[in-house]
Amino acid sequence: MRTRLRSKTASGLSMRYRVERLELAGGLRVLLEQVPDVGTCSVGIWIQTGSRDEPEPWLGISHFLEHAVFKGTRRRRTHHIARYLEAVGGYVNAFTTKDHTCFYARVLVEHLERAIDLLADLVLEPTFPEHEVIRERQVILEEMRLYEDTPDEFVLDLFDEVLFAGHPLAHPIVGRPETVSQLGPAELRAYRARQYRPERMIITIAGPVSITAVMSLLERYVLGALSSPAEPPLERIPLHGYRPAWREEIRPIGQAHLVMGVRAPGMLDERQYALSALNILLGGGMSSLLNQHIRERYGFCYSIYSFYQGWEDGGQFGIYAGVEVRRLDRLIGLIWQELDRLRQQRISSRLLEQAKAQLRGALWMGMEGTQSRMMRLGKDELYYRRPVPPEEVLAGIESVTPEQVRQLAQELFLEEAFSGVVLRPG
């Protein structure tokens, strides 16, 4: 199946957007955004599997697998992988989230074949040499210790544990020492065989290339190596009931770290643009309510912000702050003042327009590089199963009203619905 989507203008500005989408036999999806007048191409291979898909004995295996494929393939050893794109001025990398994994590369356009060749080799033909896997397992255990020594990041994982207790979203993406220590080549092969399958894969490309050239390269390096195992993929557990809770831990740190928040609507909810605007208004920048009314007025925090993270079936809305422990209770009270203000008062059109301007700016800035365009294609396909034109996003942003923001704040910002985590010095 082949879909073409073109866009020429948005908000009075020129925005070239030409996307072709192919759905191939076996379910593999290919999306190409043709970006003229640039010298680079970006390529991503996305797999719809992440930490929320892992069985308890294999916690952390999605992230481990992402690391382990770089340790050897059928045609390359580790040092060959590292040099293959760097030798021509490109780079390759990967990341794992709660619900997907992505391997990506950016190269000069004349080296697109190298990028597709290498990514296909990594994703489709890793060999998991035992000595390399054992060595990389130790690297990941060190990564876990690094997170624990970085309290402003570690507290976010603890918050997930509280907010999603009893559900796989509660687990940290890197896994736990006791599970990762038991994972080896056999487990990695078994997990890859079940999850890295054509119907769960998406290939996205952005650059000055044609769909004909792309398909020629995919036929050479990808399509012949695909296979669909008989064993079904692991079943993804949808989000279920929520019980608010608070947790405190004592750590040898210099200040208290707070995260407080609530379950929120997911990426498919029609209120996603209002959610984004609410996040910007509350804690999305230097002019946000939290930053102006707590950091600037009282000098309580160096870092305070809000965040929204969505998935297909739900999401989270939270607030982070680091503060001297004797001011913690006062800080929480000030945060609630701002939340109550959003619940009780209609936000001004001026402030809402500032938030919309930030969202529009983020969209436009993301259209200026092939990598951000490629990433946007992948996320659109993951959640919406189609490329979302920039005009549609801009129209969604413009449609947000002060009353919609207030209604959302009234729904979310209920004290009895909030969960939280505090790391205290000790």
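Above this text sits the structure in question.
To start, this report covers the structure provided alongside it. As the structure is a prediction and not an experimental result, all values here were calculated from the model.

### Structural notes on the overall build of the protein
For the protein, the count of helices and strands is 15 helices and 12 strands. Since a compact globule built from 426 residues should have a radius of gyration of about 22 Å, the 23 Å found for the protein is in line with a globular shape. Each of the three principal axes of the protein carries a C-alpha extent, and together these read 60 × 55 × 40 Å. With 426 residues in all, the protein has 54% of them scored as buried. Long-range contacts, defined here as pairs at least 24 residues apart, represent 79% of the contacts in the protein between residues at least 6 apart.

### Comments concerning the packing of aromatic side chains
Scanning all chains against the criterion turns up 13 aromatic pairs. Note on tryptophan 46 and phenylalanine 95: the rings are 6.1 Å apart at their centroids and 85° apart in plane angle, and the pair reads as edge-to-face. Here tryptophan 46 is found in strand E4 (residues 40–47), whereas its partner phenylalanine 95 is found in strand E5 (residues 91–96), with 49 residues between them in sequence. Phenylalanine 95 gets classed as partly exposed once you look at its relative accessible area, which sits at 23%. Here phenylalanine 70 and phenylalanine 103 contribute two aromatic rings whose centre-to-centre distance is 6.4 Å and whose plane-to-plane angle is 35°, an arrangement assigned as tilted. With a gap of 33 residues between them, phenylalanine 70 in the loop between helix H1 (61–68) and helix H2 (78–86) and phenylalanine 103 in strand E6 (residues 101–108) connect regions that are remote in the sequence. Relative accessible area serves as the criterion here: at 0%, phenylalanine 103 is assigned to the buried category.

### With respect to the nonpolar core
One finds Phe103, Ile116 and Val222 to be the most contacted residues of the largest nonpolar core, which totals 53 residues. A per-element tally of this core places helix H3 (residues 112–124) first, with 9 residues. Dropping the residues within four chain positions of it, isoleucine 116 is found in contact with Val43, Ile205, Leu217, Leu218, Tyr221 and Val222.

### Regarding the side chain of aspartate 117
Tracing the chain through its elements places aspartate 117 in helix H3. The exposure class of aspartate 117 is buried, given its relative accessible area of 5%. Setting aside anything within four residues of it in sequence, one finds aspartate 117 in contact with Arg75, Arg76, Tyr84 and Tyr221.

### Brief notes about helix H13 (residues 370–384)
For H13, spanning 15 residues, the distance from its first C-alpha to its last is 21 Å, which sits close to the expected 21 Å at 1.5 Å a residue. Of all 15 residues making up H13, 11 are buried, and the element is well covered by its neighbours. Every buried residue belonging to H13 is among Thr370, Arg373, Met374, Met375, Arg376, Leu377, Gly378, Asp380, Glu381, Leu382 and Tyr383, and all of these are buried. One or two positions beyond H13, positive phi appears at arginine 385, with a value near 60°.

### Some thoughts on the pairing of strand E10 (residues 301–311)
Sheet topology places E10 next to strand E11 (residues 314–323); 9 bridges connect them, and they run antiparallel. What sits directly across from tyrosine 305, in E11, is tyrosine 320. Counting the residues between successive antiparallel strands, the hairpin from E10 to E11 contains 2 residues.

### A look at the packing of H3 against helix H8 (residues 211–221)
Closest axis-to-axis distance for the H3/H8 pair is 10 Å, and the angle between their directions is 35°. Regarding H3 and H8, the two cross each other, and that crossing is right-handed. Residues Leu112, Glu113, Ile116, Asp117, Ala120 and Leu124 of H3 form the contact with H8, whose participating residues are Leu217, Leu218, Arg220 and Tyr221. Partitioned by chemical class, the residues of the contact of H3 with H8 number 7 nonpolar, no polar and 3 charged.

### Things to note about the packing of H1 against helix H7 (residues 185–195)
One can describe the packing of H1 onto H7 by two numbers: an axis separation of 10 Å at closest approach and a directional angle of 100°. With respect to H7, the element H1 is oriented roughly perpendicular. Each of Ile61, Ser62, Phe64, Leu65 and Ala68 in H1 lies in contact with H7, whose residues at this interface are Glu187, Leu188, Tyr191 and Arg192. Of the residues contributing to the contact of H1 with H7, the split by class is 6 nonpolar, 1 polar and 2 charged.

### Points about the environment of glutamate 392
Of note, glutamate 392 is situated in helix H14 (residues 390–399). Filtering out sequence-adjacent residues up to four positions away, glutamate 392 remains in contact with Tyr273 and Arg386. Here arginine 386 takes part through its side chain, which lies 2.6 Å from a polar atom of the side chain of glutamate 392.

### Regarding the pattern of salt bridges
One pass over the full model with this rule turns up 32 salt bridges. Put simply, glutamate 125 and arginine 74 hold a salt bridge, and the shortest N to O gap is 2.6 Å. Separated by 51 residues along the polypeptide, glutamate 125 in the loop between H3 and helix H4 (130–148) and arginine 74 in the loop between H1 and H2 bring together distant segments of the chain. Under the relative-accessibility criterion, glutamate 125 is labelled partly exposed at 22%. What makes arginine 74 exposed here is its relative accessible area of 54%. The shortest N-O distance in the salt bridge between arginine 271 and aspartate 269 comes to 2.8 Å. A relative accessible area of 29% means that arginine 271 is categorised as partly exposed. Connected via shared salt-bridge partners are Glu148, Glu161, Arg176, Arg247, Glu249 and Arg251.

### Structural notes on the sheet that holds strand E8 (residues 246–251)
Read across the sheet, 5 strands follow the order E8-E12-E9-E11-E10 without closing on themselves; strand pairing throughout is mixed. Each edge of the open sheet is held by one strand with a lone partner, namely E8 and E10. Across the sheet, the mean angle separating the axes of adjacent strands is 10° when strand polarity is ignored. Of the strands in this sheet, strand E9 (256–264), E10, E11 and strand E12 (419–425) are in contact with helix H11 (residues 328–344), which crosses E9 at around 30°.

Cut-offs and rules
- Residues numbered from 1 in each chain as written.
- Predicted model: local features only at pLDDT ≥ 70, side-chain atom pairs only at ≥ 80, totals over all residues.
- Heavy atoms only, no water.
- Helix = DSSP H or I, 4+ residues; strand = E, 2+ residues; numbered from the N terminus.
- Rg over C-alpha atoms; globule rule 2.2 N^0.38 Å.
- Buried < 20%, exposed > 50% of the residue type's maximum accessible area, 1.4 Å probe, protein only.
- Contact = heavy atoms within 4.5 Å.
- Phe/Tyr/Trp six-rings, centres within 6.5 Å; stacked < 30°, edge-to-face > 60°.
- Core = buried A, V, L, I, M, F, W, Y, C linked by side-chain atoms within 4.5 Å.
- Expected span 1.5 Å × (residues − 1).
- Pairing = 2+ DSSP bridges.
- Axes fitted to C-alpha atoms, helices over the stretch in contact; angles between N-to-C directions.
- Left-handed = near helix turned anticlockwise from the far one by under 90°.
- Nonpolar A, V, L, I, M, F, W, Y, C, P; charged D, E, K, R; others polar.
- Parallel < 35°, antiparallel > 145°, perpendicular 65-115°, else oblique.
- Polar contact = N/O pair within 3.5 Å; in protein donor to acceptor, adjacent residues only side chain to side chain.
- Salt bridge = Lys/Arg side-chain N within 4 Å of Asp/Glu carboxyl O.

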